[in-house]
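Architecture at a glance
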Amino acid sequence: MNTSVKRTFPLFREQDSAAIVNARIGPDVDPRTRYIAETVVRHLHAAVKEIGPTHEEWLAAIKFLTDTGNMCTDWRQEFILLSDVLGVSMLVDAINHRRPGQATENTILGPFFVEGVGLSPHGTNICKDGKGEPLVVRASVHDTDGNPIEGAVIDVWQTNDDGFYDVQQKQIQPEGNLRGKFVSDADGVFWFKSVKPRDYPIPDDGPVGKLLRKLGRHPNRAAHIHFLIQATGYDTVITHIFAPDCPYLAEDTVFGVKESLIGNFVRQSDPEEAKSLGFEIPFWSVHWNFVLNKTIFHSNDRK
């Protein structure tokens, strides 16, 4: 004989809509899933009640999400782009990377990181297409106590002077253009040659671009170089160095700029230094110190 008790639920009412929907969640659902689902439903219903959309507006919203999904490919993740321009990607990243004040702050990884880039010796010029203003980057990796970290592995990537990553222009840019991977020495130091980063627009030919235009926003990212730093026993850092003279610092379309990540790019005209680097004058230089926090293992205290 079936002794299970049939659950009964209240019928739908506008006043209690979120509670009525959440009551349908099964009794054996794990607590974290329940908490997330209940919170999303509660806030979604509150937003709908505040907005009071027409049927036409709601169908337009569904069509926008459908178009966003249809735009996704292996190299084009339109939903990530949507998350980025709404500031959600940066918020999730900030929540998950709360570090001591002296540790280097995170920012978003972006869609154009490539696994498996080969190691390069210090001083390598990662610019293979010869475009842009020459730049030398001299950097170091330390812990929060100021001790150098030897053997840190640093991935570097950026757009070319036309504003595209190499993977966006296969057969146009040289393979691996403006990508490099370096290992810090006993003093925590590494350095390489590149070009001064420039601003560029995110792909705006899809639904997210239409949304930005409707909101009176531009699609431009502030000029930056990407860095991913990994070292055994330390938190991985995913970050940028931003050029201080970029006009989009205060309005980076994905909200990626943090004040601590704005570099001091210096225009250089010393002919001897230029000669030693194989540069013409003038050229640019930037010095940077990445500070890593030691990995701390702790229990998950989320709801």
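Keep in mind that what you see is a predicted model, and the values were worked out from it rather than measured. Every chain begins its residue count from 1, and numbering advances along the sequence as written. Only residues with pLDDT of at least 70 are given local features in this predicted model, and only at 80 or more are side-chain atom pairs given and counted; all residues enter the totals for whole chains, interfaces and linings. The basis for every side-chain value is the complete set of heavy atoms in the structure, and neither hydrogens nor water enter the calculation.

The rule for pairing is simple: two strands pair if DSSP sees at least two bridges between them. Numbered from the N terminus, helices here are DSSP runs of H or I no shorter than four residues, and strands are runs of E no shorter than two. Spatially, S4-S1-S10-S9 is the arrangement adopted by the four strands of the open sheet, whose pairing is mixed. If you trace the sheet from one side to the other, it starts and ends with strand S4 (189–195) and strand S9 (266–268), each paired once. Shown here is a sheet whose adjacent strand axes are inclined to one another by a mean of 25°, direction ignored. Pairing between S9 and strand S10 (residues 283–292): three bridges, direction antiparallel. Bridging from a neighbouring strand, Gln268 pairs with Phe283 of S10. Lines are fitted to the C-alpha atoms to define the axes, a helix being fitted only along its stretch in contact, and any angle between axes, read from their N-to-C directions, falls within 0 to 180 degrees.

Feature annotation in UniProt places "domain: Intradiol ring-cleavage dioxygenases" (unreviewed entry) on residues 110–281, given in this structure's numbering. When the span residues 110–281 is considered, its composition is 9% helix and 27% strand, and the gap between its end C-alpha atoms is 32 Å. UniProt positions are given in the numbering used here, feature names are shortened, and annotations may be inferred rather than shown by experiment.

The next point concerns unusual backbone geometry. A negative phi angle is the norm for most residues apart from glycine, just as the trans form is the norm for most peptide bonds. Looking along the chain, the bond that leaves Ile281 and enters Pro282 is cis, with omega of 0°. The topology assignment puts Pro282 in the loop between helix H7 (271–277) and S10. One non-glycine residue with positive phi stands out, namely Gln171, at about 70°. In this fold, Gln171 is placed in the loop between strand S2 (153–157) and strand S3 (179–183). The class of Gln171 is exposed, set by a relative accessible area of 80%. Residue burial is assigned from relative accessible area. The probe radius is 1.4 Å, only protein chains are included, and a residue is buried under 20% of its type maximum, exposed over 50%, and partly exposed in between.

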